[in-house]
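# Chains, contacts and geometry: an overview
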Amino acid sequence: MSCKPKILVEAENFSIAQCANCRRIGFHFKNILVGFEADAFLDFIKSYSKVDFDKNCTMLVGQEQIILKTCHTDIQFAFNRAEFDFVNQRLQQAKVILEANRILEL
Ligand SMILES: [Zn+2]
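Below: a short report on this structure. Position numbers for residues count from 1 along each chain, tracking the sequence in the order it is written. Side-chain atom pairs in this predicted model are given and counted only at pLDDT of 80 or more, local residue features only at pLDDT of at least 70, and totals for whole chains, interfaces and linings cover all residues.

## Examining the sheet that holds strand β2 (residues 14-19)
Going by this rule: Note: two strands are recorded as paired if DSSP finds a minimum of 2 bridges between them. Numbering of helices and strands runs from the N terminus; a helix is a DSSP stretch of H or I covering at least four residues, while a strand is a stretch of E covering at least two. Only the contacting stretch of a helix is used when fitting its axis, a line to C-alpha atoms as for every element, and angles between N-to-C directions run 0 to 180 degrees. Placing a C-beta atom from the backbone of each residue, one calls two residues in contact when those atoms lie within 7 Å.
Pairing in this open sheet of four strands is antiparallel, and the strands run β1-β2-β3-β4 from one edge to the other. Looking along the sheet, the strands with just one partner apiece sit at the ends: β1 (5-11) and β4 (32-36). Strand-to-strand, the axes of this sheet are offset by a mean angle of 15 degrees, without reference to chain direction. Of the strands in this sheet, β1, β2 and β3 (25-29) are in contact with helix α3 (residues 81-105), which crosses β1 at around 140 degrees.

## Section: the nonpolar core
The following threshold applies: In plain words, the nonpolar core is the set of buried Ala, Val, Leu, Ile, Met, Phe, Trp, Tyr and Cys residues that C-beta atoms within 7 Å link up. Whether a residue is buried, exposed or partly exposed follows from its count of other C-beta atoms within 10 Å of its own C-beta, namely 20 or more, 12 or fewer, or something in between, respectively; the C-beta atoms are built from the backbone.
In terms of nonpolar packing, the biggest core is built from 11 residues, these being I16, A17, I25, F27, F36, F41, F44, Y48, L91, A94 and L98. Among the elements of the structure, β2, β3, α1 (38-49) and α3 are those that each provide at least two residues to this core. In this structure, I16 is in contact with L8, V9, I25, F27, R90 and A94, ignoring residues within four places of it in sequence.

## Quick look at the packing of α1 against α3
Cut-off, in case you're wondering: The scheme is simple: roughly parallel for angles under 35 degrees, roughly antiparallel for over 145, roughly perpendicular for 65 to 115, oblique for anything else. By convention the crossing between two helices is left-handed if the near helix lies anticlockwise of the far one by an angle smaller than a right angle, and right-handed if it lies clockwise. Under this grouping Gly is polar, as are all residues other than the nonpolar Ala, Val, Leu, Ile, Met, Phe, Trp, Tyr, Cys and Pro and the charged Asp, Glu, Lys and Arg.
With their axes 10 Å apart at the nearest point, α1 and α3 run at an angle of 135 degrees to one another. Looking at the two axes, α1 sits oblique to α3. The handedness of the crossing between α1 and α3 comes out as left-handed. Every residue of α3 that contacts α1 at L42, I45, Y48 and S49 is listed here: N88, L91, A94, K95 and L98. When the residues that make up the contact of α1 with α3 are grouped by side-chain class, the tally is six nonpolar, two polar and one charged.

## Some thoughts on α1
This is how it is decided: In this scheme, a helix's expected span is set at 1.5 Å multiplied by one less than its residue total. The directions from the helix axis to the C-beta atoms form the arc being described.
Taking 1.5 Å of rise per residue, 12 residues should cover 16 Å, and α1 covers 17 Å from first to last C-alpha, within 8% of that figure. Within the span of α1, buried status applies to F41, F44 and Y48. What you see down the axis of α1 is that its buried residues fit within an arc of 55 degrees, all on one side. Facing away from the buried side of α1, by more than 90 degrees, are the exposed residues D39, K46, S47 and S49. Buried positions along α1 lie against β3, β4, β6 (63-69) and α3.

Here is the structure:
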């Protein structure tokens, strides 16, 4: 079956979509698109929400940025504070939708 992405959350330069067939998630921010299995994505949201930007940021290309691991060992996100907050809000929206969808599927 081919993938049928359905948008869960959309904003400027940003989308989170889930395939109606294989349930994989596509996380699209600016010019990056990273794929996650649904469970790995929920784990990512959970760990993301626990990150303290101020305690963990590092200077990178002249500004404070946070380095975040993904389920792909060689792919990490580097976000400045505004990007980190923006993505955090969108991830929380996606979480609510994913959890609601999961309940509907039961
Ligand atoms: Zn698919």
